[in-house]
There are 2 protein chains.
Amino acid sequence: MKKNVIVGQSGGPTAVINASLYGVVYEALNREETLGTVYGMINGIEGFLSDQIMDMKPLELSGELELIKTTPGSYLGSCRYKLPENLNDEIYPKLFEKFATYNIGYFFYIGGNDSMDTVSKLSRYASQISSDIHFIGIPKTIDNDLVLTDHTPGFGSAAKYVASTVREITIDASVYDNTKSVTIIEIMGRHAGWLTASSVLARKFEGDNPVLIYLPEVAFDQEAFIEKVKIALETTSNLVVCISEGINDGNGTFICELASDVGVDTFGHKMLTGSGKYLENLVKERLGVKVRSIELNVCQRCSSSMISKMDQKEAIASGAYGVKCALEGETGKMIAFHRTNTNSAGTSTSMDHYQIDYVTEDVNLICNQEKTVPLEWITHDGSDIGPEFLSYAQPLIQGEVTVPTENGIPKFAYRKSLMPL
Amino acid sequence: MKKNVIVGQSGGPTAVINASLYGVVYEALNREETLGTVYGMINGIEGFLSDQIMDMKPLELSGELELIKTTPGSYLGSCRYKLPENLNDEIYPKLFEKFATYNIGYFFYIGGNDSMDTVSKLSRYASQISSDIHFIGIPKTIDNDLVLTDHTPGFGSAAKYVASTVREITIDASVYDNTKSVTIIEIMGRHAGWLTASSVLARKFEGDNPVLIYLPEVAFDQEAFIEKVKIALETTSNLVVCISEGINDGNGTFICELASDVGVDTFGHKMLTGSGKYLENLVKERLGVKVRSIELNVCQRCSSSMISKMDQKEAIASGAYGVKCALEGETGKMIAFHRTNTNSAGTSTSMDHYQIDYVTEDVNLICNQEKTVPLEWITHDGSDIGPEFLSYAQPLIQGEVTVPTENGIPKFAYRKSLMPL
């Protein structure tokens, strides 16, 4: 009897998390000789626990599956559900009974570090009870902070959105030449500055905005910052500064904490808000110039207008490759990217020679780790980004994707359970 | 001797203010038999006073003029410079001497209410001294608040951006089905709610988000708001509320003023920030649910990713029509749009029959006026938008524009003076 497939999404969405879903589903549906029903779990492992699943085949027949490729958000819904550390917890047999009920042989989970933690625990428990279910993680995160992979699907589109938007805001900010102004743009990324670093891609010429870029990897010194802003304003009337939401003093205190209260999410992460607002007030008070702060906010992960064609292609391919690997017997693995060309610093970009090999890596070595931007890629006392990053990031934002529209705005796929009856 | 042309831009930019510039310049350059040099004034009338002008012809030859059509910001730079009310002020003869120096016969100013005030004063002074210079205003504003015109170039693209982005944020906000949440989206518009009303275009089906929409035209009652949110959360787990930055208590106090200090800009307008943030805290405190507030910010006026093809077409046409009218002897006029089909409430959209006539209107009747959303288009005790608005707005957001890219991000036109030597 053919085994069935189940796929879920977990954690925050990206612009291409549904492209990865498409990759898994398309590939699995194309292997009907080997595989049974392809299920989607609604709201991740948490929804699966209450039997919220759907058959994905009708989506292919209706054409909805194609639309999923350019739909933001998590088509299947998401969760932030952390499985217990203790593999003797009663939830594990309960989950595996459900796997048996639905005759699941292949389990795919699209997500970031926390989702890989789920894949790790399920595959370890499976090994403990000698289950033959295959557990594969498909990477996604706009933060680009997964280890053992060159980069992560979702990052390229977010980086393209950040670079484009920073360029547009820079142009908008420069219309009043005769008034000195500072625009502070706050970009997502708590501990890893990859996305904030992408703002350097907006720079058109040497000295162009964003003139100053601050990542969480380097301790943020308020006095040094004010000094840098003062000097930059001498040559750039309308200064644009990009900061990560997670800039901190190097001793564990986020800059935004200096101004506001913070909460903690289910995974114990600090919930941040307002580093940009804090610095806006600081600059206003200290330098007396016109200041505006802008949070790029969730648009960084949900804008369909800046999907990178390369990112979409890789997201689909990593989903499809996951199915292939599972069928070849792999389990407890995450799909990873190895860049086969090496970037030598000094070349302007490596776009011509960019090539990715899809591989699998041990999910246990990936979950709960964070890959940060190499310190040697951060320049000018932590206020700028070097050429190595440009070579690294430029191939990832290449190519545009046409999003279907209806009545003048993007047309997206909607899960039936979200629609009225 | 042929008279020269000068064109300037003033006030805040829109996604198509440069399309109007293109319209003026393209049309003027095509009338070489009648017109002399076509100048652009850098940073509006303020820059012109210090002789900051440029010859626009080379842009046509270099191909840069085509690129201007899809470039956000004000290509020529902008100003917020209010001419004195007293036409006997010494600045007027000074300006007209400069017009004489540059042999200006035709003056075009692309802007909103405040810019039309400039056109009004210059044309009245011209009449007073029997000058034969023609002064024409070309409308632009994302706020859509100019009177005597069906709508204003810049509004359609901003509305398309708002509608698309609200739809994307709604999808993003709905991924965690099992947690009740409120997302408050703050949209630009101090006194006129046109742009906030456009968020209704994001609604895909009856009951879809944004469920609640609040404009500045109706007094905002905090208790009634909390009650509406509470009721809406019973049927919509992940509620999206759209509010105008200018929601107020109906007695002149902006909601954001309840929380924060405000400044005043050169024109005496109150500078606003934070209605969304204020309501975020209010909902959190009163209802104890997860709340996030998002300011769409300047992206509403500078995003090139959501330029409406219809808006761009009309922006270009209004610039070109301005040149035609000036050559026919008109002065002290603004180009306006008359919609020749009438919207009857109840028809779903009027897109099939949408047609615009370009006309001229007396600029003196337009400047310093504000057109707000008709109260009868606002429904449900001021918390929703009726079908009349849909019929009105839908034609304005139709069609997509392809923006040229370089290295994966949009390629924009840059004025030489902003580039390094």
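Residues numbered from 1 in each chain as written. Chains lettered and ligands numbered in written order. Predicted model: local features only at pLDDT ≥ 70, side-chain atom pairs only at ≥ 80, totals over all residues. Heavy atoms only, no water.

S.K.: Help me understand the overall build of chain A in this model?
M.R.: Regarding its fold elements, chain A presents 13 helices and 17 strands. Relative to the globule expectation of 22 Å for 421 residues, the C-alpha radius of gyration of chain A, 22 Å, shows essentially globular dimensions. Principal axes of the C-alpha set define a box for chain A whose edges measure 75 × 50 × 45 Å. The buried share of chain A, taken over its 421 residues, is 62%. Between the averaged position of the 36 positive side-chain charges in chain A and that of its 53 negative side-chain charges there is a distance of 4 Å. (Helix = DSSP H or I, 4+ residues; strand = E, 2+ residues; numbered from the N terminus. Rg over C-alpha atoms; globule rule 2.2 N^0.38 Å. Buried < 20%, exposed > 50% of the residue type's maximum accessible area, 1.4 Å probe, protein only. Lys, Arg positive; Asp, Glu negative; His and termini not counted. Charge placed at Lys NZ, Arg CZ, Asp CG, Glu CD.)

S.K.: Explain the interface of chain A and chain B here, please?
M.R.: One frequent convention defines the size of an interface as the accessible area lost when the parts assemble. Every contact between the two is made by 64 residues of chain A and, on the other side, 64 residues of chain B. With both chains or domains summed, chain A and chain B bury close to 5300 Å², and 56% of this area falls on carbon and sulfur atoms. When residues of chain A are sorted by the area they lose upon contact with chain B, Glu168, Tyr176 and Ile409 of chain A head the list and together hold 12% of the total. At the boundary of chain A and chain B, one finds six salt bridges. We note a salt bridge from aspartate 172 of chain B to arginine 301 of chain A, for which the minimum N-O separation is 2.8 Å. For the pair chain A and chain B, the number of links is 27 residue pairs in polar contact (both at pLDDT 80 or more). The set of elements that each furnish at least two residues to the side of chain A that touches chain B consists of helix 7 (155–173), strand 11 (290–295), helix 11 (299–302), strand 16 (405–406) and strand 17 (409–410) of chain A. Examining the composition of the side of chain A that touches chain B, we find that ten residues originate from one element, helix 7 of chain A, more than from any other. Of the residues in the side of chain A that touches chain B, the class split is 26 nonpolar, 22 polar and 16 charged. (Contact = heavy atoms within 4.5 Å. Buried area = accessible area lost by both parts, 1.4 Å probe. Salt bridge = Lys/Arg side-chain N within 4 Å of Asp/Glu carboxyl O. Polar contact = N/O pair within 3.5 Å; in protein donor to acceptor, adjacent residues only side chain to side chain. Nonpolar A, V, L, I, M, F, W, Y, C, P; charged D, E, K, R; others polar.)

S.K.: Hey, could you run me through the packing of aromatic side chains in this one?
M.R.: Aromatic ring pairs are reported here in terms of the distance separating the ring centres and the angle at which the planes meet. Counting across every chain of the model gives 46 aromatic pairs over all chains. Ring centres of phenylalanine 337 of chain A and tyrosine 358 of chain A lie 5.2 Å apart, and the angle between their planes is 85°; this geometry places the pair in the edge-to-face category. Here the residue phenylalanine 337 of chain A occupies a position in strand 12 (residues 333–339), and tyrosine 358 of chain A occupies one in strand 13 (residues 356–362), the gap between them amounting to 21 residues. Taking relative accessible area as the criterion, tyrosine 358 of chain A reaches 22% and is therefore assigned partly exposed. Taken together, a centroid distance of 6.3 Å and an interplanar angle of 80° make the contact between tyrosine 414 of chain A and phenylalanine 205 of chain B edge-to-face. Here the residue tyrosine 414 of chain A occupies a position in the segment after strand 17, and phenylalanine 205 of chain B occupies one in the loop between helix 8 (194–197) and strand 7 (212–214), the pair thus bridging two chains. No difference in accessibility class separates tyrosine 414 of chain A from phenylalanine 205 of chain B, as the two residues are buried. In textbook terms, an aromatic cluster arises when at least three aromatic residues are bridged by ring pairs, as seen for Tyr39, Phe48, Tyr92, Phe96, Phe99, Tyr102, Phe107, Tyr109, Tyr125 and Phe135 of chain A. Cation over ring: lysine 69 of chain A sits above tyrosine 22 of chain A, and NZ or CZ is 4.8 Å from the ring centre. (Phe/Tyr/Trp six-rings, centres within 6.5 Å; stacked < 30°, edge-to-face > 60°. Lys NZ or Arg CZ within 6 Å of the ring centre and 35° of its normal.)

S.K.: I'm lost on the sheet that holds strand 11 (residues 290–295) of chain B in this one. Help?
M.R.: Two modes of strand pairing occur in sheets, parallel and antiparallel, and in both the strands are linked by backbone hydrogen bonds. Residue and element names in this part refer to chain B. An order of 7-8-6-11 is seen for the four strands of this open sheet, with the pairing classed as parallel. Here the strands that pair on one side only, and so sit at the sheet edges, are strand 7 and strand 11. Within this sheet the neighbouring strands show an average axis-to-axis angle of 15°, counted without direction. By the bridge criterion, six bridges tie strand 6 (residues 181–187) to strand 11 in an arrangement that is parallel. Across the sheet, isoleucine 185 pairs through a bridge with isoleucine 294, a residue of strand 11. Across the face of the sheet, helix 7 (residues 155–173) comes into contact with strand 6, strand 8 (238–244) and strand 11 while running at roughly 165° to strand 6. (Pairing = 2+ DSSP bridges. Axes fitted to C-alpha atoms, helices over the stretch in contact; angles between N-to-C directions.)

S.K.: Please explain the state of the cysteines as it appears in this structure.
M.R.: Simply put, disulfide is the name for a covalent bond between the sulfur atoms of two cysteines. In the structure shown here, the tally under the stated rule is zero disulfides over all chains. Summary of cysteine pairing: cysteine 302 of chain A is not part of a disulfide, and the nearest cysteine sulfur, belonging to cysteine 299 of chain A, is at 5.1 Å. Cysteine 325 of chain B takes part in no disulfide bond, and the closest cysteine sulfur to it belongs to cysteine 367 of chain B, at a distance of 18 Å. Overall, the relative accessible area of 0% leaves cysteine 325 of chain B in the buried class. (Disulfide = S-S within 2.5 Å.)

S.K.: What's the story with helix 6 (residues 113–128) of chain A in this structure? I'm lost.
M.R.: Residues and elements named next belong to chain A. With 16 residues, helix 6 extends 22 Å between its outermost C-alpha atoms, agreeing within 8% with the 22 Å of an ideal straight helix rising 1.5 Å per residue. The buried fraction of helix 6 amounts to 13 of the 16 residues, a majority that puts the element mostly inside the structure. Where helix 6 terminates, the next one or two residues include serine 130, which has phi positive at roughly 55°. (Expected span 1.5 Å × (residues − 1).)

S.K.: Is there a simple way to think about empty space enclosed by the protein in this case?
M.R.: Think of a ball as big as a water molecule: rolled over the atoms, this probe shows where empty space is left. Counting across every chain of the model gives three cavities of 30 Å³ or more. Its boundaries defined by the atoms lining it, the largest cavity holds a volume of some 130 Å³. Along its surface, the largest cavity is lined by 16 residues, and Tyr161, Ser303 and Ser305 of chain A together with Tyr161 and Ser305 of chain B are the ones closest to its centre. Only helix 7 of chain A together with helix 7 of chain B provide two or more residues apiece to the lining of the largest cavity. (1 Å grid on protein atoms, 1.4 Å probe; cavity = no way out; pocket = protein on both sides within 12 Å on 5 of 7 lines; lining within 4 Å. Points joined across faces, edges and corners; volume = space filled by probe spheres on them.)

S.K.: For this particular structure, what's the right way to read the sheet that holds strand 12 of chain A?
M.R.: All names here are of chain A. As summarised here, the arrangement of the seven strands in space is 3-2-1-4-5-12-13, forming an open sheet in which the pairing is mixed. Edge positions in the sheet fall to strand 3 (53–55) and strand 13, since each of these pairs with one other strand and no more. In this sheet, adjacent strand axes meet at a mean angle of 30° when their direction is disregarded. Looking at chain direction, strand 12 and strand 13 are connected through seven bridges and run antiparallel. The residue of strand 13 that forms the bridge with alanine 336 is valine 359. With respect to the sheet, helix 1 (residues 17–29) is in contact with strand 1 (3–9), strand 2 (35–41), strand 4 (104–111) and strand 5 (134–139), its orientation differing from that of strand 1 by roughly 175°. Running at roughly 170° to strand 5, helix 6 makes contact with strand 4, strand 5 and strand 12 of the sheet.

Purely spatial values, then, with no claim about function.
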